[in-house]
Amino acid sequence: MAALGWLTPRRRSATARSVLAGEASAEAARKSTQEAAGTTEEPQFPVHGDDRAAAFFDLDNTVMQGAALFHFGRGLYKRKFFETRELAKFAWQQAWFRLAGVEDPEHMQEARDSALSIVQGHRVAELQSIGEEIYDEYMAERIWPGTRALAQAHLDAGQKVWLVTAAPVEIATVIARRLGLTGALGTVAESVGGVYTGKLVGEPLHGPAKAEAVRALAAAEGLDLGRCAAYSDSHNDIPMLSLVGHPYAINPDSKLRKHARRLDWRLRDYRTGRKAAKVGIPAAAGVGAVAGGTAAAIALHRRRR
C-alpha cells in the first residue's frame, strides 16, 4: 500500500501546495530581477499582423485530455464496428494514458493497428461523417480551455494555427474545424477509390515525422520558423518544439518538463491549474488562459470528489 501513497488526496494536495509556493517564490524573484533591470514588461506575443508566423499544436493531452484515437475507438464501438474485447483494449490504453500522462509506443502502435483493421473496407466519407458525431459525443468536453485560449490568441493576431498529431488526419481535421483552427497535419491512411485499404501512407506522424511535416508546411506557406510557436505535452515532440522560436511545454511529461526548464522554455500546466516557475502566456490570451486553467482545475477536482 505504501507504494500507492502518491495516489491519496492528502499527499497530492500537500505536494501541489508546496509546488505552488515554490513556483510563486521563483516567479516573484524573476519579476524583482526584471524590475531592477527596468524590463518588467515582456514583449507582446503573438505579434499582431505577423503573417510569417504561425502556431503548431500537438493534440493529445495538449489541446485535448486523453488520446483522440481512443475516443474515436469508443465511437466506432458504439456503432458496431468491432467487438467488446477490442473495446476493452482501447479502454485500458486510454486509462493508462490518462493516468501516466505519457505516450507508450507499444500501446499507440496497437491502437493504430486496431484502428487500421477496423476501418479497412469502409469509405473515407463515412468515417469523416462519423468523426463529426464522435467529436460531439466524446471530444468536445475534453478540450483544455487554457490551451484553446492560447490558440485563439494566435488566430486573433491574424496567424494560422495548425494541429500536428499522430491521430488520423480525418479526425484531426474535424477537431481543427470545430475549434475554428486553420487545419491539421495528421497520419494518412491509404485509400483507393475512396475506400480504406488498411495500410498507412508512410508512417505515423509521430516524433521526428512531426518536425518534418512542420518544416515542409512552413516552406510551403512562406513562414519563418524562428517567429513561429509550437505547443506540446510530450518529450516525443522535442524535435518539433526545437524547430520554432517560441516553444511551449503544455501539461508536460516529466522528461519534457526537465528539458524545457533546462532550455528556459515556457511552461503551462492545465491539469492542476498551477503556475509553472517559468510561465509565458501570450499577452492576448492571458486572462482567457488563466480562466481556462482554473475552470479545468475545478472540473478535475469535482470529478475526484
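Reading the values: the criteria
- Per chain, residues are indexed from 1 in the order of the written sequence.
- Totals for whole chains, interfaces and linings use all residues, but because this is a predicted model, local features are given only for residues with pLDDT of at least 70 and pairs of side-chain atoms are given and counted only at 80 or more.
- Only hydrogens and water are set aside; all other atoms, that is, all heavy atoms of the structure, feed into the side-chain values.
- Grouping buried Ala, Val, Leu, Ile, Met, Phe, Trp, Tyr and Cys residues that are joined through side-chain atoms within 4.5 Å yields what is termed a nonpolar core.
- Relative accessibility decides the category of a residue: with a 1.4 Å probe and only protein chains considered, values under 20% of the type maximum give buried, values over 50% give exposed, and everything between is partly exposed.
- A helix here means a DSSP run of H or I that spans at least four residues, while a strand means a run of E at least two residues long, and both kinds are numbered starting from the N terminus.
- Axis angles are defined between N-to-C directions and span 0 to 180 degrees, where every axis is a line fitted to C-alpha atoms and, for a helix, only to the segment in contact.
- Each angle is binned into one of four classes, with values under 35 degrees roughly parallel, values over 145 roughly antiparallel, values of 65 to 115 roughly perpendicular, and all other values oblique.
- With the far helix as reference, a near helix turned anticlockwise by less than a right angle produces a left-handed crossing, and one turned clockwise produces a right-handed crossing.
- Pairs of residues are marked as contacts when any of their non-hydrogen atoms sit within 4.5 Å.
- Side-chain classes follow a simple rule in which Ala, Val, Leu, Ile, Met, Phe, Trp, Tyr, Cys and Pro form the nonpolar group, Asp, Glu, Lys and Arg form the charged group, and the remainder, Gly included, forms the polar group.
- When a carboxyl oxygen of Asp or Glu lies within 4 Å of a side-chain nitrogen of Lys or Arg, that pair is called a salt bridge.

Enquirer: For this particular structure, what's the right way to read the nonpolar core?
Expert: The nonpolar side chains of a soluble globular protein tend to be buried, and buried together. Counting 42 residues, the largest nonpolar core has Phe57, Leu76, Met139, Leu163, Ile175 and Tyr231 as its most contacted members. A total of seven residues in this core trace back to one element, the largest contributor, which is helix H5 (residues 124–139). Counting 26 residues, the second-largest nonpolar core is a separate cluster that includes Ala54, Val164, Leu256 and Trp265.

Enquirer: Would you explain the environment of Asp233 in this entry?
Expert: For Asp233, the location among the structural elements is in the loop between strand E6 (229–232) and helix H9 (238–243). Through-space distance from the C-alpha of Asp233 to that of Arg257 is 8.7 Å; in sequence the pair is 24 residues apart.

Enquirer: Can you help me understand the packing of H5 against helix H7 (residues 169–178) in this one?
Expert: The description of two helices packed together rests on the angle between their axes and the distance between the axes. Contact geometry for H5 and H7: axes closest at 9 Å, N-to-C directions at 50°. Compared by their axis directions, H5 and H7 come out oblique. Between H5 and H7 the crossing geometry is right-handed. For the pair formed by H5 and H7, the contact residues are Val124, Gln128, Gly131, Glu132, Tyr135, Asp136 and Met139 on the first element and Glu170, Ile171, Val174, Ile175, Arg177 and Arg178 on the second. When the residues that make up the contact of H5 with H7 are grouped by side-chain class, the tally is six nonpolar, two polar and five charged.

Enquirer: Is there a simple way to think about the pattern of salt bridges in this case?
Expert: Note on pairing: side chains with opposite charge can pair once their charged atoms come close. In the structure shown here, the tally under the stated rule is 15 salt bridges. Between Arg178 and Asp136 there is a salt bridge whose closest N-O contact spans 2.4 Å. Remark: Asp136 occurs in helix H5 and Arg178 occurs in helix H7; sequence separation between them is 42 residues. On the accessibility criterion, Arg178 (34% relative accessible area) is partly exposed. Note that Asp224 is salt-bridged to Arg227, the shortest N-O span being 3.6 Å.

Shape descriptors only; they carry no functional weight alone.
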